[in-house]
Amino acid sequence: VAAVNPLEKTYSTNRDLLFVLGMSMIRAGQLSEGVQRIQKIAESSNAADMYLIVARTYLQLSDHERAGVAVQAAMRLKPDLPGLLTVRGMWMEKIGDHEGAAAILEKALVENTDDFQAHLHLGAIRYVQRDLPAARKHLTRALQLDSISPLARYEMALVERAEGNLQAAVAHLEEVVKGTPKWLQPHIELAALYYRVKRPADGARERAIVDKLSSEEHTQELESLGIKQ
C-alpha cells in the first residue's frame, strides 16, 4: 500500500495499478478503501471476476445491498465463474434466505467438493434449521480444510452444545477465544457453558471478559456517533 498509493493520482486509470493497490488494501484490512478501487475496475471493464471480489469484500463489511448488486452483476456477465455460486449463497444467507442459500451452496459443492466457505456456510445454515447431522457433516469437512478457522470452530461448538456434548463445545470455544480474544459472542457462549459443566471460577472469569468487551463495544459505538462519555 505504501509503495503504490502515491502513484494512484498520476495513474488513476491504470487498471493494473488499481488492482494491486485495491487488493493490497483489502488484505491489509482497509476494506472500504480497497473495494472502491476494485469496483472501479469492475465497472470500467465489465469484469465478472472483479465483481466477485467486490461482492466478497462487501459481505465482509456487512454491506449486503452492495454485495447483492455485485453478485447480480457477476451473474449476468459470467454465471459459471468459479466461486460465484458460493458467494451468491453466502449473500442469500446474509439476507435471510436460508433455503435458497442452502440450495445454491449445495450446487457449489457439486462443482468443488473442497470449497471451505461452502461447507462452512452450509453447515451454519443446517444448524439454524436444526439439521444437526448435516451441520456436523459440513462443519467437520470445513475444519478438515482449515483446522484453525475460528468461524468453523465456533459453529461446530454450537452443534456440539445442541447435541449435548458440552465438554467438546467448551474445547472448541476455548480455541476460538484464544485465537480471537476480541470476538464477543464466543466469550458469551463459553461463560454460560462453564457454569453448565460446573466450572464457576472459569465462568466468572469469562463473564468479566464479556462485561469488558461489551463496554468497549458500547464506547466505540458512541464515539462513532460523535458522543463522548
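That block above? That's the structure.
Residues numbered from 1 in each chain as written. Predicted model: local features only at pLDDT ≥ 70, side-chain atom pairs only at ≥ 80, totals over all residues. Heavy atoms only, no water.

With respect to the nonpolar core
Just so we agree on the cut-off: Definition used in this section: a nonpolar core is a set of buried Ala, Val, Leu, Ile, Met, Phe, Trp, Tyr and Cys residues joined via side-chain atoms within 4.5 Å. Burial classes: relative accessible area under 20% of the type maximum marks a residue as buried, over 50% as exposed, and values in between as partly exposed (1.4 Å probe, protein chains only). Secondary structure follows DSSP: runs of H or I at least 4 residues long count as helices, runs of E at least 2 residues long count as strands, and numbering of each begins at the N terminus. Pairs of residues are marked as contacts when any of their non-hydrogen atoms sit within 4.5 Å.
Ile38 and Met50 are the most contacted members of the largest nonpolar core, which totals 40 residues. Mapped by element, the contributors of at least two residues to this core are α1 (15–27), α2 (31–45), α3 (48–60), α4 (64–77), α5 (84–94), α6 (98–111) and α7 (116–128). Residue contributions to this core peak at nine residues, all from α3. Not counting residues within four places of it along the chain, the set of residues in contact with Met50 comprises Phe19, Ile38, Ile41 and Ala42. Membership of the second largest hydrophobic core comes to 24 residues, among which are Phe116, Leu158, Val177 and Tyr194.

Quick notes on the pattern of salt bridges
Cut-off, in case you're wondering: Salt bridge criterion: a side-chain nitrogen from Lys or Arg within 4 Å of a carboxyl oxygen from Asp or Glu.
Summed over all chains, the structure comprises 15 salt bridges. The shortest N-O distance in the salt bridge between Arg199 and Glu174 comes to 3.3 Å. Of this pair, Arg199 sits in the loop between α11 (184–196) and α12 (200–224) while Glu174 sits in helix α10 (residues 166–179), and the two are 25 residues apart along the sequence. By relative accessible area, which is 28% here, Arg199 ends up partly exposed. Look at Glu174 and you get partly exposed, because its relative accessible area is 27%. Lys178 serves as the salt-bridge partner of Glu175, at 3.4 Å between the closest nitrogen and oxygen.

Notes on the packing of aromatic side chains
Convention followed: Only Phe, Tyr and Trp rings take part, Trp by its six-membered ring, and two of them pair if their centres are within 6.5 Å. Stacked means planes under 30 degrees apart, edge-to-face means over 60, and tilted covers everything else.
Overall, the coordinates contain one aromatic pair when judged by the stated rule. Their ring planes at 45° and their centres at 5.1 Å tell us that Tyr154 and Trp183 sit as a pair that is tilted. Placement of the pair is Tyr154 in helix α9 (residues 150–162) and Trp183 in the loop between α10 and α11, with a sequence separation of 29 residues.

Let's talk about the packing of α6 against α7
Going by this rule: Think of each axis as a best-fit line through the C-alpha atoms, taken over the contacting stretch in the case of a helix, with angles from 0 to 180 degrees between the N-to-C directions. Crossing handedness is read from the near helix: turned anticlockwise from the far helix by less than a right angle, it gives a left-handed crossing, and turned clockwise, a right-handed one. Any residue that is not Ala, Val, Leu, Ile, Met, Phe, Trp, Tyr, Cys, Pro, Asp, Glu, Lys or Arg is counted as polar, Gly included; the first ten are nonpolar and the last four charged.
Packing of α6 against α7 leaves a shortest axis separation of 10 Å and a crossing angle of 145°. Considering how the two elements wind past one another, α6 and α7 form a crossing that is left-handed. Each of His98, Ala101, Ala102, Leu105, Glu106, Ala108 and Leu109 in α6 lies in contact with α7, whose residues at this interface are Ala118, His119, His121, Leu122, Ile125, Arg126 and Val128. For the contact of α6 with α7, the per-class residue count stands at nine nonpolar, three polar and two charged.

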